[in-house]
Amino acid sequence: MLPSRKSLTGPPRGPVVEQIAGWSIRHRALAIIGWLVLVIVGMLSSALVTGESAHSIDPGESGRADQVLSRQHVYVPILESVLIQARTAGPRFIENPELRQATQDLTATLRRTSGAVNALRSPLGADGGLLVSKDGRSGLVTFQIAGPVEQVKTHFDAAVAAVKEVAARHPRVRLAQAGDRSLSAAVDEGIKGDFQRAEYFSFPLTVVILLLVFGSLIAAGVPLLLAVTTVAGTFGFLELIGRWIPINSATSSMVLLIGLAVGIDYSLFYLRRQREERAAGRGVVEALRITARTSGHVVLVSGLTVMLCVSGLLLTGLDNFRGLTIGAVLVVGLAMIGSVTVLPALLALLGDRVDKARIPWVGRRRTSVGRSRFWSAVARAVVRRPLVWGGAAVLALMVMTLPAFGMRLQDAAVTDSLPRSVPVVDAALRMQEAFPGAPAPATVVIWEKRKGALEAPSVDQAVEATKPTSTVKLDGVLVLRVPLAHFGTGEAANRSLENLRGQTLPAAFGSLDGVGYAVTGKTAVPYDFTKQLTSRTPLVFGFVLVLAFVLLVVSFRSPAVPLVSIALNLLSIGAAYGVLSWIFQDGHFSSALGFTPYGGVVGWLPLFMFVILFGLSMDYHIFILSRIREHHAAGAGVRDAIVIGVGSSAGVVTSAAVIMTAAFTVFVVLTAIEYKMMGVGLSIAILIDATLVRGVLLPAAMSLMGAHAWALPRWLRWMPKGSAYNPALSTPSSPRQTRVLDNVTRSDS
């Protein structure tokens, strides 16, 4: 049944969300066109501003070094190295004719690359002794990729081709290249390929799940349309914002996944409630009004909670998180706007035709009116013995959390992140064994604080004291490459970096007048990143927890419910941390998941998981609490309201959890260990939250609190009354509606 134009007249009434939805229902064509215009404007907005995209600045001392280099507006040469070894046991390098011939061939071929390389050094050169390994069986050829910047890629490709050409002529000799550009390229290609695979698999998987959930092509297409248009508009706006705020490929992929998750979640909330009201005998318009008043309010509160929680990442002061925060806030905000404007308009336009084009043999839809027998039975058992069930659930989560107390934060080096089957990873590992620190030496940047300071003889003596493998002098800046004990991110590399920063460089340059120095590189950048992240983490945690508490108090007019909600979220996140540490740090299931443990967990992941999960899990947590509160306000007893609320929301929550879990599980099959960790951590947390927390802990806690859960203390009675719903307009009053509610409490979804 489609709504008539006459039924859509009249002034808007009710809360703001209902008024907005009412306007969209009355002007559905205008609302739909307006949404499409907004999306198109977003997609085309990047064309309004020209120029280069913003570049991120590393934190700490690494950032200072990068800023000094960026102010020079000159090209800083990239260092590459080629390891030369015999593939089988043989004479030492000096006595091995095959190794010497391969070395001569390589240096001659590199010199013929039309200026692609410079500063070429060989173990057969004047200072060749430094380029022969301690065991005498390996040699190292080093060179720099020549500039200018616009020619770097071409010159690098020419050098790589030269190395491959020489390797083909000397099959009995191993020529393995690794260096600044090689390692960065391997990481970039790995990330790009991984996220492309994630996007390739997650979208079709989401479509299949939606078809199974709704059993109808049209009904499944509604949430998909909202999610896709939301993500498309967000990507367009991010292209524009990227002119001023760094946006990387990882941010874009995370925006896609978050946009799909919240866009579909919000649509599920709407469709479920609309179907309930239609089954209760209400017309399309009235059903949508009640849906806006109830589920629309939930969407508004959930969206604001997610946006503000994610905003906590800004307190880290890290550029990488700035882009992610902007992207997440933008995509959730657009999804929220679309849910209260274009979604009601689209549902009003479709009417009952939203359930057309049904898919045979799929079975009953999870979002149809009905209550899950399984979750209702669980909730009923829990509310009868809340202490027993709640205590057992808390104990289980605490046991799962225990490994998290031994969690060691450590970013993965390239050789930890990518498998050894990647050629540059194998080359870097072999090079590290023969020449410690050679794959990517630390970059020491020395600059003038006063004009001519670097010309003093004492500076040359200080440079000699650092024993650099290469020295490049730019306009007022010296760039030294100093090998560390290891080029990675482990304890040995960090100790070597600390020694370089705290002892070697101060001893050499500390007494010089007018000279500054800083260290950056592939060890220094993650070291500084993790250090700043760790120092700011308590601030982010406190911000998110306090903000979530305030939002939930305002929404539910009760301090007890927010406190319980926050405690339950912390329990589920803690358990996910424990599982993450047990699997990846301790190495369990490494063969099944395809990774090699390196004794740590990626430094940014726990904080990222906390913020994202705290926001996303609040979606269906608020949805369930709203249903419980609504039934309780309509006259149901405390236990009955809990059982009905949990059971009637099970279809939506389960569907939303399955979609989010499927989206994040895709990351488990990717190459990089960081994304395997993220996929496992997020998936486990969502599963725990959607089952143990939702089905056991939440009803147990609400049952123990009883009617006091919704009591507002005297000191908070100054707060304005909430407007989530009007019980008189959303509870059955006719015999038919009463029978429908009875069916809701007994039927199986």
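What you see is a predicted model, and the numbers here were worked out from it, not measured in a lab. (Residues numbered from 1 in each chain as written. Predicted model: local features only at pLDDT ≥ 70, side-chain atom pairs only at ≥ 80, totals over all residues. Heavy atoms only, no water.)

### A closer look at the overall build of the protein chain
- Along the backbone of the protein chain there are 25 helices and eight strands.
- Its C-alpha atoms give the protein chain principal-axis dimensions of roughly 100 × 55 × 55 Å.
- In the protein chain, buried positions account for 58% of the 749 residues.
- Carbon and sulfur atoms make up 62% of the accessible area of the protein chain, which totals about 30600 Å².
- Averaging the positions of the 69 positive and the 48 negative side-chain charges in the protein chain gives two centres separated by 13 Å. (Helix = DSSP H or I, 4+ residues; strand = E, 2+ residues; numbered from the N terminus. Buried < 20%, exposed > 50% of the residue type's maximum accessible area, 1.4 Å probe, protein only. Areas by Shrake-Rupley, 256 points an atom, 1.4 Å probe, with all protein chains shown as cover. Lys, Arg positive; Asp, Glu negative; His and termini not counted. Charge placed at Lys NZ, Arg CZ, Asp CG, Glu CD.)

### Remarks on the pattern of salt bridges
- Overall, the coordinates contain 22 salt bridges when judged by the stated rule.
- One salt bridge connects Arg64 with Glu61, and the closest N-O pair in it is separated by 3.9 Å. With Arg64 and Glu61 both in helix 3 (residues 60-72) and three residues apart, this pair spans about one turn of that helix.
- For Arg64, a relative accessible area of 44% gives the class partly exposed.
- On the accessibility criterion, Glu61 (15% relative accessible area) is buried.
- Of the charged contacts in the structure, one is a salt bridge between Arg420 and Asp426, with a shortest N-O distance of 2.8 Å.
- On the basis of relative accessible area, Arg420 is assigned to the partly exposed category, the value being 40%.
- Residues participating in the shared-partner salt-bridge network are Glu61, Arg64, Arg501 and Asp528. (Salt bridge = Lys/Arg side-chain N within 4 Å of Asp/Glu carboxyl O.)

### A word on the packing of helix 16 (residues 457-466) against helix 17 (residues 491-509)
- Where helix 16 contacts helix 17, the axes come no closer than 8 Å and their chain directions differ by 160°. Overall, the two elements helix 16 and helix 17 adopt an arrangement that is roughly antiparallel. Considering how the two elements wind past one another, helix 16 and helix 17 form a crossing that is right-handed. Side by side, helix 16 and helix 17 meet where Val459, Ala462, Val463, Ala465 and Thr466 of the first sit next to Thr504, Leu505, Ala508 and Phe509 of the second.
- In terms of residue class, the contact of helix 16 with helix 17 is made up of seven nonpolar, two polar and no charged. (Axes fitted to C-alpha atoms, helices over the stretch in contact; angles between N-to-C directions. Parallel < 35°, antiparallel > 145°, perpendicular 65-115°, else oblique. Left-handed = near helix turned anticlockwise from the far one by under 90°. Contact = heavy atoms within 4.5 Å. Nonpolar A, V, L, I, M, F, W, Y, C, P; charged D, E, K, R; others polar.)

### Some points on the sheet that holds strand 4 (residues 173-179)
- Reading across from one edge, 2-3-1-4 is the order of the four strands in this open sheet, with antiparallel pairing throughout. Of all the strands in the sheet, the pair left with one neighbour each is strand 2 (117-121) and strand 4. Within the sheet, the average angular offset between the axes of one strand and its neighbour, ignoring direction, is 25°.
- Of the pairings in the sheet, the one linking strand 1 (residues 78-86) to strand 3 (residues 138-145) comprises eight bridges and is antiparallel in character. Residue Ile78 lies in a different strand from strand 3, and its bridge partner there is Ile145.
- Packed on one face of the sheet, helix 4 (residues 97-111) meets strand 1, strand 2, strand 3 and strand 4 and runs near 155° to strand 1.
- Strands in contact with helix 5 (residues 152-169) are strand 1, strand 2, strand 3 and strand 4; relative to strand 4, the strand with the most contacts, it is inclined by about 165°. (Pairing = 2+ DSSP bridges.)

### Observations concerning the packing of aromatic side chains
- A full pass over the atoms with the stated rule returns twelve aromatic pairs.
- Between Tyr266 and Phe269, the aromatic rings sit 6.4 Å apart at their centres with planes inclined by 45°, giving tilted as the arrangement. Of this pair, Tyr266 and Phe269 both sit in helix 8 (residues 249-279), three residues apart, which is roughly one turn of the helix.
- For the ring pair Trp582 and Phe589, a centre distance of 5.6 Å and an interplane angle of 70° mean the geometry is edge-to-face.
- Put simply, the rings of Tyr266, Phe269 and Phe623 touch in pairs and so form one group of aromatic residues.
- In this structure, Arg181 packs its charged tip against the face of Phe156, placed 5.5 Å from the ring centre.
- Above the ring of Trp375, the side-chain terminus of Arg694 is found at 4.2 Å from the ring centroid. (Phe/Tyr/Trp six-rings, centres within 6.5 Å; stacked < 30°, edge-to-face > 60°. Lys NZ or Arg CZ within 6 Å of the ring centre and 35° of its normal.)

### Quick notes on helix 22 (residues 638-665)
- At Ala650, helix 22 is bent by approximately 50°, the largest bend along its length.
- Counting buried positions over the 28 residues of helix 22 gives 22, a clear majority of the element. (Bend = angle between axes of the 7 residues up to and from the residue.)

### Observations regarding the pairing of strand 1
- Taken across its nine residues, strand 1 has eight buried, putting it largely inside the fold.
- With seven bridges joining them, strand 1 and strand 4 adopt antiparallel strand pairing. What sits directly across from Glu80, in strand 4, is Gly179.

### Digging into the pairing of strand 6 (residues 470-474)
- Along strand 6, the buried face is formed by Ser470, Val472 and Leu474; none of Thr471 and Lys473, which line the opposite face, is buried.
- For strand 6 and strand 7 (residues 477-482), the ladder comprises five bridges, and the chain directions are antiparallel. Residue pairing for strand 7: Val472 is matched across the bridge by Val479.
- Where strand 6 folds back on strand 7, the antiparallel hairpin that results is connected by two residues, among which Gly476 adopts a positive phi of roughly 80°.

### Concerning the side chain of Thr415
- By secondary structure assignment, the location of Thr415 is in helix 14 (residues 414-417).
- Given a relative accessible area of 13%, Thr415 falls into the buried group.
- Excluding anything up to four places from it in sequence, Thr415 contacts Val425, Ala428, Leu429 and Phe487.

### Focus on the environment of Arg137
- Here Arg137 shows up in the loop between strand 2 and strand 3.
- Classification of Arg137 as partly exposed rests on a relative accessible area of 43%.
- It is 73 Å that separates the C-alpha atoms of Arg137 and Ser558, two residues lying 421 residues apart in sequence.

### Structural notes on the packing of helix 18 (residues 524-556) against helix 19 (residues 560-585)
- Where helix 18 contacts helix 19, the two axes come as close as 8 Å, and the packing angle between them is 140°. Classed by the angle they form, the pair helix 18 and helix 19 counts as oblique. Here helix 18 and helix 19 pass one another in a crossing that is right-handed. Contact with helix 18, carried on its side by Phe541, Leu545, Ala548, Phe549, Leu552, Val553 and Phe556, involves Val561, Pro562, Leu563, Ser565, Ile566, Leu570 and Tyr577 of helix 19 and no other residues of that element.
- Partitioning the contact of helix 18 with helix 19 into residue classes produces 13 nonpolar, one polar and no charged.

### What about unusual backbone geometry?
- The amide bond that connects Gly147 to the next residue, Pro148, takes the cis arrangement and shows omega of 5°.
- Within the secondary structure, Pro148 sits in the loop between strand 3 and helix 5.
- Phi is positive for Lys467, close to 55°, though the residue is something other than glycine.
- Counting through the fold element by element, Lys467 comes out in the loop between helix 16 and strand 6.
- Judged by its relative accessible area of 69%, Lys467 falls in the exposed class.

### Here we look at the environment of Ala232
- For Ala232, the location among the structural elements is in helix 7 (residues 217-241).
- Of the residues examined, Ala232 reaches a relative accessible area of 22% and is grouped as partly exposed.
- Remark: the alpha-carbon pair of Ala232 and Ile40, spanning 192 residues in sequence, is separated by 8.5 Å.
- For Ala232, the residues in contact, after removing those within four places along its chain, are Val39 and Met43.

### Focus on a nonpolar patch on the surface
- Residues Leu36, Ile40, Met43 and Leu44 make up a contiguous nonpolar surface patch of roughly 390 Å² in combined accessible area.
- Structurally, Ile40 can be placed in helix 2 (residues 28-44). (Patch = residues over 30% accessible without salt bridge, like charges linked within 9 Å, V, L, I, M, F, W, Y side chains within 5 Å.)

### Observations concerning the confidence of the model for the protein chain
- Per-residue confidence for the protein chain gives a mean pLDDT of 85, with 92% of residues at or over 70.
- Confidence over residues 1-12 falls short of pLDDT 50; this stretch has 26 contacts with residues more than four positions distant or in other chains. (pLDDT = per-residue confidence, 0-100.)

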